[in-house]
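Below are the chains, spelled out letter by letter.
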Amino acid sequence: MRSFEATKQYFQRAADELELAESLRTYLMMPRRELQVQIPVEMDNGELRSLVGYRVQHNRARGPMKGGLRFHPEVDLDEVRSLASLMTWKTAVVNIPYGGAKGGIAIDVSKLSARELERITRKFIDEIHEMIGPDSDIPAPDMGTDHRVMAWIMDQYNKYHGFNPGVVTGKPVEFYGIPGREEATGRGVGLLTIKLLGRLGRKAVGTRVAIQGFGNVGSHTAKFLAEAECKVVAISDSTGAYYRADGIDVPKALRHAIEHERLLRGFADAEHISNEQLLELDVDILIPAAVGGVVTAANAGRVKAPVVIEAANSPVDAEADAILDANGKIVLPDVLANAGGVTVSYFEWVQNRQYYQWSLDRVRQELDKTLTNAFEHTWTMARERKVSLRTAAFMLGIDRVARAATLGGIS
Ligand code: NAD
């Protein structure tokens, strides 16, 4: 199933519960603006390549549109559109004053030199700089992009529009970034996992966890949960999965990844299994934190973990979601589970506008407060309306956006 179709299904289910008028549904689902651009770029070997880049602005009823930039070979308009709409609901679920957007380029960053990556990023900004801005649309990191890419974006945008650090978030701390942004999404996933365990009457200590993906989100999630004394029994990345029944030594895995171009290849302290096997391990919590669409109708029936935390965006497709639900699994949805990143991005943007920087402790405290509020609202909504956590989170988000749109006047 195409990813935007899946997002629409989740939207419709929540809209049914909210008894939302058809006209409002159409308005809320339709993206506001979509841009597709050609990015001609000269590679280090002199070859000319024409890449395709996208920026989709979904909705701005609650504020400037916010969403990451993904550099990955599978990026296409449908995926970016789906991710942009998820950002609208996500920023509303955690109640920060933003709308939703997303962008990306179909490119494999592992095959690029740093100079090529920089040229591509700057050329992309040349094409979209009129569409983004600190009061209109603010990009951030996602798969394949990091703080270096964000610094280039700020620099390139500033060449056209003057000094504007708030045009992009996820920048290096020493270049208008904020302490705690890099860890924020994984930390948020960890915090919310512990909150959910608490609500289910379980303790973190000894809880067996499998995490797919060991990039920004997966590695920080693993670190947080290991420090909370969960037993992280499996981790993985694009080179495969690594399993150890008595618990992976997470600090050792983190060191290995740092020393091996951020990859786990050759991590000898665990049994090498496949990414497919990881998803079906007999664990207490499964955390897909890599790419979308990894739990589908084909394998959902074999997921043994009673709890699935969507650290990645859309890792469980709509058919799989129905199967997991029917099998009594609890799914903490992406629009809540991975909202820590955009929350700390919001803190960064606020501080860029004030030329002031919070301490790491303050960032962590505010993140905890924002995510706890969102979690408790979602949990209560799910209990009261007897719906899944996903439907409850979408209901919260959609209701807030619909109210803002109606109050502001739509047409
Ligand atoms: P990243 O590029 O830092 O890391 C991605 C990881 O996934 C890497 O370890 C990579 O090797 C691995 N991977 C890639 N393909 C894989 C596959 N087929 N099977 C298993 N592993 C695979 O990206 P990230 O920033 O950690 O993002 C991961 C997910 O989290 C994405 O879905 C992204 O949209 C979502 N997300 C990220 C943020 C953020 O702040 N970075 C915020 C919200 C959501």
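Up top is the structure these notes are about.
All values reported here derive from a predicted model rather than from experimental measurement.

**Student:** So what exactly am I meant to see when it comes to the overall build of the chain here?
**Tutor:** Check the secondary structure of the chain and you find 14 helices and twelve strands. Relative to the 2.2 N^0.38 estimate, which gives 22 Å for 411 residues, the radius of gyration of the chain is 20 Å and therefore close to what a compact globule would have. Overall, the chain is about 55 × 55 × 40 Å in size when its C-alpha atoms are taken along their principal axes. Expressed as a percentage of the 411 residues in the chain, the buried residues total 58%. Long-range contacts, defined as pairs at least 24 residues apart, comprise 69% of the intrachain contacts of the chain with a sequence gap of at least 6. Across the chain, 50 positive and 53 negative side-chain charges occur, with their mean positions spaced 4 Å apart.

**Student:** Even after reading the chapter, I still don't get the sheet that holds strand β12 (residues 330-332), so can you show me in this structure?
**Tutor:** In a beta sheet, neighbouring strands pair by backbone hydrogen bonds and run either parallel or antiparallel. Within the open sheet, the seven strands sit side by side as β9-β8-β7-β6-β10-β11-β12. Their pairing is mixed. For this open sheet the edge positions go to β9 (271-273) and β12, each flanked by a neighbour on one side alone. Ignoring strand direction, the axes of neighbouring strands in this sheet form an average angle of 20 degrees. Examined bridge by bridge, strand β6 (residues 208-212) and strand β7 (residues 231-237) share three bridges and lie parallel to one another. Looking at the pairing, Arg208 lines up with Lys231 of β7.

**Student:** Just checking my understanding: could you explain the site of the ligand for this structure?
**Tutor:** In the vicinity of the ligand, 22 residues are found, and the nearest of them are Arg70, Asp142, Thr185, Val217 and Asn313. One nitrogen or oxygen atom from the main chain of Phe214 is found 3.1 Å from an oxygen atom belonging to the ligand. Between the ligand and the protein, one listed contact pairs an oxygen atom with a side-chain N or O atom of Asn313 at 2.9 Å. With the chains in place, 83% of the 830 Å² that the ligand exposes on its own is no longer accessible.

**Student:** In this structure, what is going on with the packing of helix α6 (residues 181-199) against helix α13 (residues 360-385)? I would like to understand it.
**Tutor:** Two numbers describe a pair of packed helices, the interaxial angle and the distance between the axes. The interhelical angle for the contact between α6 and α13, taken along N-to-C directions, is 45 degrees, at an axis separation of 10 Å. Classed by the angle they form, the pair α6 and α13 counts as oblique. The crossing of α6 and α13 is right-handed. Where α6 approaches α13, its residues Glu183, Ala184, Arg187, Gly188, Leu191, Leu192, Lys195, Leu196 and Arg199 are matched on the opposing element by Leu360, Arg364, Leu367, Asp368, Leu371, Thr372, Phe375, Glu376 and Trp379. Of the residues belonging to the contact of α6 with α13, the class tally is nine nonpolar, two polar and seven charged.

**Student:** Help me understand the side chain of Asp237 in this model?
**Tutor:** Along the chain, the position of Asp237 falls in strand β7. The side chain of Asp237 sits in the buried core without any salt bridge; Arg265 is the nearest counter-charge, 7.5 Å away. Polar side-chain contacts of Asp237 include one of 2.6 Å to the side chain of Thr239. If we skip the residues at most four places from it in the chain, Asp237 touches Phe214, Tyr242, Arg262, Leu263, Leu264, Arg265 and Asn275.

**Student:** Hey, could you run me through the pairing of strand β10 (residues 285-288) in this one?
**Tutor:** For a regular strand, side-chain orientation follows a simple rule: the groups alternate between the two sheet faces. Burial of β10 is two-sided: the residues Ile285 and Ile287 facing one way and the residues Leu286 and Pro288 facing the other way are all buried. Inspection of the sheet shows β6 paired to β10 by four bridges, in the parallel sense. Note on β10: the bridge partner recorded for Ala210 is Leu286. As paired elements, β10 and strand β11 (residues 307-309) share two bridges and run parallel to each other. Looking at the pairing, Leu286 lines up with Val308 of β11.

Reading the values: the criteria
Per chain, residues are indexed from 1 in the order of the written sequence. pLDDT decides what is reported in this predicted model: residues at 70 or higher carry local features, side-chain atom pairs at 80 or more are listed and counted, and totals for whole chains, interfaces and linings draw on all residues regardless. With hydrogens and water set aside, each side-chain value is computed from the structure's full complement of heavy atoms. Secondary structure counts use DSSP, requiring at least four H or I residues in a row for a helix and at least two E residues in a row for a strand, with both numbered from the N terminus. All radius of gyration figures rest on C-alpha atoms, and the globule criterion is 2.2 Å times the number of residues raised to 0.38. Buried, partly exposed and exposed residues are distinguished by accessible area as a fraction of the type maximum, computed with a 1.4 Å probe on protein chains only: under 20%, between the cut-offs, and over 50%, respectively. Contact criterion: two residues are considered in contact whenever any of their non-hydrogen atoms come within 4.5 Å of each other. In summary, the charge assignment counts Lys and Arg as positive and Asp and Glu as negative, without counting His or the chain termini. Every charge is mapped to an atom, namely NZ of Lys, CZ of Arg, CG of Asp or CD of Glu. Two strands make a pair as long as DSSP finds a minimum of two bridges between them. Working convention: axes come from line fits to C-alpha atoms, limited for helices to the stretch in contact. Angles between N-to-C directions cover 0 to 180 degrees. Throughout this document, a residue counts as near a molecule or strand when at least one of its heavy atoms sits within 4 Å of that molecule or strand. Polar contact criterion, stated in full: a pair of N or O atoms within 3.5 Å, where within protein one must be able to donate a hydrogen and the other to accept it, and residues adjacent in sequence count only if both atoms are side-chain atoms. Working definition of accessibility: Shrake-Rupley area with a 1.4 Å probe, residue cover restricted to the visible protein chains. Here the word oblique covers every angle except those under 35 degrees (roughly parallel), over 145 (roughly antiparallel) and from 65 to 115 (roughly perpendicular). The handedness criterion is simple: a crossing whose near helix is rotated anticlockwise from the far helix by less than a right angle is left-handed, and one whose near helix is rotated clockwise is right-handed. When residue character is reported, Ala, Val, Leu, Ile, Met, Phe, Trp, Tyr, Cys and Pro are called nonpolar, Asp, Glu, Lys and Arg charged, and the others, Gly included, polar. One speaks of a salt bridge when a side-chain nitrogen belonging to Lys or Arg is within 4 Å of a carboxyl oxygen belonging to Asp or Glu.

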